[in-house]
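A closer look at the structure
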Amino acid sequence: MQEWLSREAMLLGREAVERLEQASVAVFGLGGVGSYTAEALARAGIGRLVLVDGDTVSDTNRNRQLGALVSTIGLSKAEVTAARVRDINPVCRVEAHTLFYLPGEEGGLLDGLDYAADAVDTVAAKLSLAEECRRRGIPLVSAMGCGNKLDPTAFRAADIYDTKVCPLCRVMRRELKARGIPSLRVVYSEEPPLTPLPGGEEPAEGKRALPGSVSFVPGAAGLILAGEIIKGLAGLGPEAGRE
C-alpha cells in the first residue's frame, strides 16, 4: 500500500485499500459529475482508470468542471483529466479515450473492468452501458439528472426502481424494465427541477435546451457516485449493478 493512502486505510482497512490499488474502473463522461468522480477515484488510489469523453473544455464549463480552467479551454477533457490523475497518483494506469460512448460501439472500453461509472448525458448511451455492463457482469453506478438543481443535499444513492421525483429516473425505469434489467444503482436528486431563468447560453441549432448549473451541485453527485464505487470495491456497500 502506498503511504499517502494511510489515512484512507484508517477507515477502510489496509486490505481494502490494497484492493482499490488493484482495481480497474472506467468513468464515462467527464463533465460536472464525471470530473469529480474521476478525481475522487484517483485520490482513493484506484490502480487503473479508463477515462472516456469525446468533448473538449469550453469556457462555460468553468463554473462546474474540475478540469475546466482558462489554460485548458479547447483541450480534450479526457486528456486533461488524465493529466490530473497522473499528478495525483503517478503509478495509476490511466487511459484517456477522446471519444463519445455510443450504443453498440463500446470498442473494448469495458474490458477488464471491476466497476464502471456512467456520467454521460444521453439516455441511449446510459441504457447501452446498463445493458452491456449487465451482460458482462460489471457493476455500474449511473448518474441521473443534475441540471437545473440548487440543493446538493437532495442527492441519494438507490436502486433505480426505488427512485422518485427525478424525470430522467422515470424514463430510465420504463426503458430498463422494457429491456428486462431488474436493477441499476443510481445517484439521483429528489429536488424537483427548477425552470431556468432567461438569458442563459443558447443551444446549438437543432439541439435541446441547455440546463442551468452551479458549482456546488454536480460535484456533489460525482462524489457520491465515486463513494458508491469505492465502498463497493472495499466491501462496505451494495455492489452496484448486481442483482
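Source: prediction; values computed, not measured.

**Description of unusual backbone geometry**
A positive phi angle, close to 60°, is found at asparagine 148, a residue other than glycine. With respect to the helices and strands, asparagine 148 occurs in the loop between strand S5 (140-143) and strand S6 (155-159). On the basis of relative accessible area, asparagine 148 is assigned to the buried category, the value being 19%. Positive phi, close to 75°, is recorded for valine 165, a residue that is not glycine. With respect to the helices, strands and loops of the structure, valine 165 is situated in the loop between S6 and helix H6 (167-178).

**So, helix H2 (residues 14-22)**
Among the residues making up H2, those that are buried are Ala16, Val17, Leu20 and Glu21. Taken end-on, H2 shows its buried residues confined to a sector of 145°, consistent with a single buried face. Turned more than 90 degrees away from the buried face of H2 sit Glu15 and Gln22, all of them exposed. Structurally, H2 contributes buried residues whose contacts are with helix H1 (6-12) and helix H7 (218-233).

**Some thoughts on the sheet that holds S6**
As summarised here, the arrangement of the 7 strands in space is S3-S2-S1-S4-S5-S7-S6, forming an open sheet in which the pairing is mixed. Each having just a single partner strand, strand S3 (93-97) and S6 make up the two edges of the open sheet. Within the sheet, the average angular offset between the axes of one strand and its neighbour, ignoring direction, is 15°. Pairing between S6 and strand S7 (residues 185-189): 5 bridges, direction antiparallel. Looking across to S7, one finds that alanine 157 is bridged to valine 187. Along the sheet, helix H5 (residues 123-136) contacts strand S1 (24-28), strand S4 (115-118) and S5; its crossing angle with S5, the most-contacted strand, is approximately 170°.

**What to know about the confidence of the model for the chain**
For the chain, mean pLDDT is 94; residues scoring 70 or higher make up 95% of the total. Predicted confidence is poor over residues 239-243, with pLDDT under 50, and the contacts of this stretch with residues over four places away or in other chains come to 15 contacts.

**Here we look at the packing of helix H3 (residues 34-43) against helix H4 (residues 77-88)**
Running from N to C, H3 and H4 point in directions that differ by 20°, and their axes come no closer than 9 Å. Considering their axes alone, H3 and H4 lie roughly parallel with respect to each other. Viewed along their axes, H3 and H4 form a crossing whose handedness is right-handed. Of the residues in H4, those touching H3 at Ala38, Glu39, Ala42 and Arg43 are Thr81, Arg84, Val85 and Ile88.

Thresholds, definitions, all that
Residues numbered from 1 in each chain as written. Predicted model: local features only at pLDDT ≥ 70, side-chain atom pairs only at ≥ 80, totals over all residues. Heavy atoms only, no water. Helix = DSSP H or I, 4+ residues; strand = E, 2+ residues; numbered from the N terminus. Buried < 20%, exposed > 50% of the residue type's maximum accessible area, 1.4 Å probe, protein only. Arc of directions from axis to C-beta. Contact = heavy atoms within 4.5 Å. Pairing = 2+ DSSP bridges. Axes fitted to C-alpha atoms, helices over the stretch in contact; angles between N-to-C directions. pLDDT = per-residue confidence, 0-100. Parallel < 35°, antiparallel > 145°, perpendicular 65-115°, else oblique. Left-handed = near helix turned anticlockwise from the far one by under 90°.

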